[in-house]
Structure formats: C-alpha cells, structure tokens
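Below are the chains, spelled out letter by letter.
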Amino acid sequence: MFRERETFLIFSTDIEVATLAKNIYADNAATTRLDREAFEAMKPWLLDEYGNASQLYSFSRKPKAALKKARETIAECINALPEEIYFTSGGTESDNWAIKGVAFSNCDRRAIVTSAFEHHAVLHSCEAIERLGCPVAYMWPDINGIITAENLDTYVTDMTLLVSVMFANNELGTIQPIQELCNVAHAHNALFHTDAVQAVGHMEIDVRKLGVDMLSASAHKFNGPKGIGFLYIRKGMDLRPYADGGAQEFGMRAGTENIASIVGMAVALKKNIESLDQNHEYVISLERMLLQKLNQSGITYIRNGGDHTLPGIISMSFDGKDGEAILHRMDLMGISISTGSACDSRNTEISHVLRAIHMPDSLAKGTIRISLGKDNTEEDVESIVVALKKILK
C-alpha cells in the first residue's frame, strides 16, 4: 500500500470511459448510507411507539426503555458508562458543547489549545470564545498532518484548561496519537477533548484506555441517521449544560429525546463494531486495488496523509490540475468524490487543512479525496480508475 508522499509515474495505454450503469458513491467520509437494520429499528418509534419518553404514563414506558438500552449499547461500544453518554444533534453540536461548555465553566483558567486543521465545528467554536476573551492557541501539524506529543508540549501550560485534537482528519484520514496527546494534557492538569466523528464506528475506540475526558461522534458517519450524535463526557467532569429547559440528558441538554434516531444510531454503531475487523480488511483491499491500478495507469499523483490513515480515505494531489474540475467531470460520469473540505462544498478556495500542512498551491488546487466504504465494490474501484485516466490523461 502506498502511503508515503511520493510521486508515481508509470506509462500505459489510455482507456476510454464506458457509460456507467449505476451511480458510484465514493465520498463516505462525508456521509454514509443508512443501514437497513437501523432504519427498520427506527420505524416503530416513528409510527406506533411515538410516546414522549419523559412522560409518566404507561405509553411512555417503551420509548423510555429504548432510550436506556440505546445509551447502554453505545456506551459499551466505546467502553464508557451509560451515564457518560449524552445524546446530541450530531458532531457539530457535540464539538460546540465540549469547547464552549468547558470554556464557560472556568472564568479564571480559560486557555484552549487546538490544531489549525480541526473541523470547522471546533475552529469556529474556538473563534467564538476568543471573541469573548478566552485565549486560544493553534498548533500546526507536520507535512503528513500529525500533531505530535512533543509539539503539544510546547503549547500547553499550567493555565491551559482544555486541549482539543481530532481523532482522525476528515480530509487526509490521518490518525492522531490521541493517547499520547491526552497524557501531555493531563500532565498539565488540562482536560482533553477529541472530535472522533470520522473515527467512531471505523476503528476500535476505548475511552478508558485513551484517557480522554470528552469525545464527539455523529451517527451518519457510521451508517446511522443524520441529525443525531453523542458526546462522551467523563463522569465527574465540570461542564456547563448545553441547553436549559427540561431534565432530559441528566439535566444537561433539555429537549424531547429523538428516540427513533437514537435507536437507529445504536443499532448502526453496534453493527459496525461487531464487524470492525471484517470491514477494515475489505476496505483496505479496495484501497490497495485503487492505488495499484493508478500506479499502473500512467497517472502522476501524490498520496497525502502519511502512513497511518483511516482505511478507505485517500487524499491525492495531481500537480497543476484542477481538483474542482476533476470532481465535476467525475460527477458527470456518475461518480461522487470530494475536493477541498467536504463540509464546505461551496467554497472553492484551498481548504484550511491543506493550508495547515503547507501544501504548495499547485498541488493543493489539484487535490481530491476518494473515501471508500464497506458498501463499495471492486467494480466501483475499476470505474473510478478508468474515469480518472480519462480525465487526467
């Protein structure tokens, strides 16, 4: 498997693109297909058992029991306690709650340390607390998108309240040394949060082993429904409530619980965790196939992200090419990929992630991301390579 920042150039004959018989979705890092078992599990709570879980009458007993079971299932998947799982509307809300909730809980020790290539949910939350007078320091990753413990140690002080570093980068796929970073933060009595939206459901995560104080997740990244997620909050942490009102979520997030989506999220996560090794092996085999065929095609490219990335996330740059043009031509051929930041698709400027790793403009403008998932096939990979050959040669 090619994971180094190297340039490959191998010549072969060009191949014409055949008309695709189906659309090919290769942007699984942006969102994933809803699992059918998760969908079926959701239906009763939308159609028949629609009671409000917070009410006292008997019609609410089943929804209340479903909420409890889902919380237990999700906690088990990351080795947490059920009372440490707080349901949210998704990763963005979880990140906002973690950053702002901690910053506003301590008026004397409010410094935050994060990285320059976090998801905008973290970066914009940090900008918001900066406007209110809370200092924020931004670390720069290395060329492969890694924040090292040594790097973090130069930023953290005894006045640092929170460190927030994402588990796996959504554009590069780079996996961070979270346990090591967490140890550095704790050595200075700082809390540690990780945006694990891209990682949960796709790799083994044990919050006890990692030592993290908070962890964000979003269901639609692991074949659950959109609009639901959770925030793991270590028991005993001092965190401000996200929303005031009723007593839902242990009095920390008011609002009627979305039982159907919570149940769907739990089913999808449990299913992915139970088949984690199988999914890894399969997706990595597709990734290897794609890179091998590209290396045989005569296409010159650079693989970004170093040699420790999430399976299936492939960021590649074509020097002097236009990534947006590649995306649109792939789309015309029925293939969905991304370029720049997947969560900022209307912005055609070079993404902040590529800026953060100091990628030259000629490469950054020609960068695309292909993210393969368990629903992709070898035929999909063949079609992707054929399309790229047509476009780039």
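Please refer to the structure higher up on the page.
Everything numeric here is computed off the predicted structure, so don't read it as measured data.

Chemist: Can you walk me through the packing of helix H9 (residues 276–295) against helix H13 (residues 378–392) in this structure?
Modeler: In a pair of packed helices, the angle between the axes and the distance between the axes together describe the arrangement. Orientation of H9 relative to H13, taken along the N-to-C sense of each, is 25 degrees, at an axis distance of 10 Å. Regarding the angle of H9 to H13, the classification is roughly parallel. The element H9 and its partner H13 pack so that their crossing is right-handed. Contact residues: Tyr282, Leu286, Met289, Leu290, Lys293 and Leu294 in H9; Glu378, Val381, Glu382, Ile384, Val385 and Leu388 in H13. When its residues are assigned to classes, the contact of H9 with H13 shows 9 nonpolar, no polar and 3 charged.

Chemist: Please clarify how the side chain of Asp213 should be interpreted in this entry.
Modeler: As for its position among the elements, Asp213 is in the loop between helix H7 (207–210) and strand E8 (214–218). For Asp213, a relative accessible area of 2% corresponds to the buried category. Side chain to side chain, Asp213 and His186 meet in a polar contact 2.8 Å long. Polar side-chain contacts of Asp213 include one of 2.7 Å to the side chain of Arg234. Look past the residues within four positions of Asp213 in its chain and what remains in contact with it is His186, Ala190, Leu191, Phe192, Tyr232, Ile233, Arg234 and Met237.

Chemist: Looking at this model, I keep getting lost on empty space enclosed by the protein. Mind explaining?
Modeler: Leftover empty space is mapped by rolling, across the atoms, a probe with the size of a water molecule. For the coordinates displayed, the defined rule picks out 2 cavities of 30 Å³ or more. The calculated volume of the largest cavity comes to roughly 300 Å³. In terms of lining residues, the largest cavity is bounded by 21 residues, among which His202, Val283, Pro311, Leu372 and Gly373 are the most central. Among the elements that line the lining of the largest cavity, the one with the most residues is H9, at 4 residues. By residue class, the composition of the lining of the largest cavity is 7 nonpolar, 11 polar and 3 charged.

Parameters at a glance
Residues numbered from 1 in each chain as written. Predicted model: local features only at pLDDT ≥ 70, side-chain atom pairs only at ≥ 80, totals over all residues. Heavy atoms only, no water. Axes fitted to C-alpha atoms, helices over the stretch in contact; angles between N-to-C directions. Helix = DSSP H or I, 4+ residues; strand = E, 2+ residues; numbered from the N terminus. Parallel < 35°, antiparallel > 145°, perpendicular 65-115°, else oblique. Left-handed = near helix turned anticlockwise from the far one by under 90°. Contact = heavy atoms within 4.5 Å. Nonpolar A, V, L, I, M, F, W, Y, C, P; charged D, E, K, R; others polar. Buried < 20%, exposed > 50% of the residue type's maximum accessible area, 1.4 Å probe, protein only. Polar contact = N/O pair within 3.5 Å; in protein donor to acceptor, adjacent residues only side chain to side chain. 1 Å grid on protein atoms, 1.4 Å probe; cavity = no way out; pocket = protein on both sides within 12 Å on 5 of 7 lines; lining within 4 Å. Points joined across faces, edges and corners; volume = space filled by probe spheres on them.

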